[in-house]
Amino acid sequence: MPNSSPPPSFRPTARVWLVDDSPLHVTIAQQALSSEYTVETFGDGPSVLEALAQRGYPELLILDWHMPGLTGLEVCSFVRQTKDSGELPVLIMT
């Protein structure tokens, strides 16, 4: 059976949104993910919720658990009211 997937250089890059208030954690995660994914970062919960409303959803959402304002868990709860886990995987870091 022939391989029907496109060559690696032609695969679309998945969008990963990373939400964390720690610049150090953002840098580490970006370095780990950026070779395989398009990574966009957000410093707090309200900014990512605004982006979700304006620009749609990424293929993966990574949230820091502890953030000022809205926690990662609160952002996840809001997202789950509009998207199920099959449509948008969410990873929460602690």
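For the structure, check the block above.
It should be emphasised that the depicted structure is a prediction, and the values quoted were computed from it without experimental measurement. (Residues numbered from 1 in each chain as written. Predicted model: local features only at pLDDT ≥ 70, side-chain atom pairs only at ≥ 80, totals over all residues. Heavy atoms only, no water.)

(A) Broad picture of the overall build of the protein chain. Secondary structure summary: the protein chain contains three helices and four strands in total. From first element to last, N terminus to C terminus, the protein chain shows the α and β order β-α-β-α-β-α-β. Going through the 94 residues of the protein chain one by one, you find that 29% of them count as buried. Here the protein chain has roughly 6,100 Å² of accessible surface; of this, 57% comes from carbon and sulfur atoms. (Helix = DSSP H or I, 4+ residues; strand = E, 2+ residues; numbered from the N terminus. Buried < 20%, exposed > 50% of the residue type's maximum accessible area, 1.4 Å probe, protein only. Areas by Shrake-Rupley, 256 points an atom, 1.4 Å probe, with all protein chains shown as cover.)

(B) Quick peek at the sheet that holds strand β4 (residues 90–93). Strand order across the open sheet formed by four strands is β2-β1-β3-β4, with parallel pairing between neighbours. Of all the strands in the sheet, just β2 (38–42) and β4 have a single pairing partner and so form its edges. Averaged over all adjacent pairs, the angle separating strand axes in this sheet is 20°, with direction ignored. (Pairing = 2+ DSSP bridges. Axes fitted to C-alpha atoms, helices over the stretch in contact; angles between N-to-C directions.)

(C) Structural detail: the pairing of β2. Both strand β1 (residues 15–19) and β2 contribute to a ladder of five bridges, which runs parallel. The partner of Val19 across the bridge, within β2, is Phe42.

(D) Representation of the pairing of β4 in the model. As paired elements, strand β3 (residues 60–64) and β4 share four bridges and run parallel to each other. In the sheet register, Leu63 faces β4, and the bridge partner there is Ile92. Taken together, β3, helix α3 (residues 72–82) and β4 constitute a β-α-β crossover, and its handedness is right-handed. (Right-handed = clockwise from strand over helix to strand, strands pointing away.)

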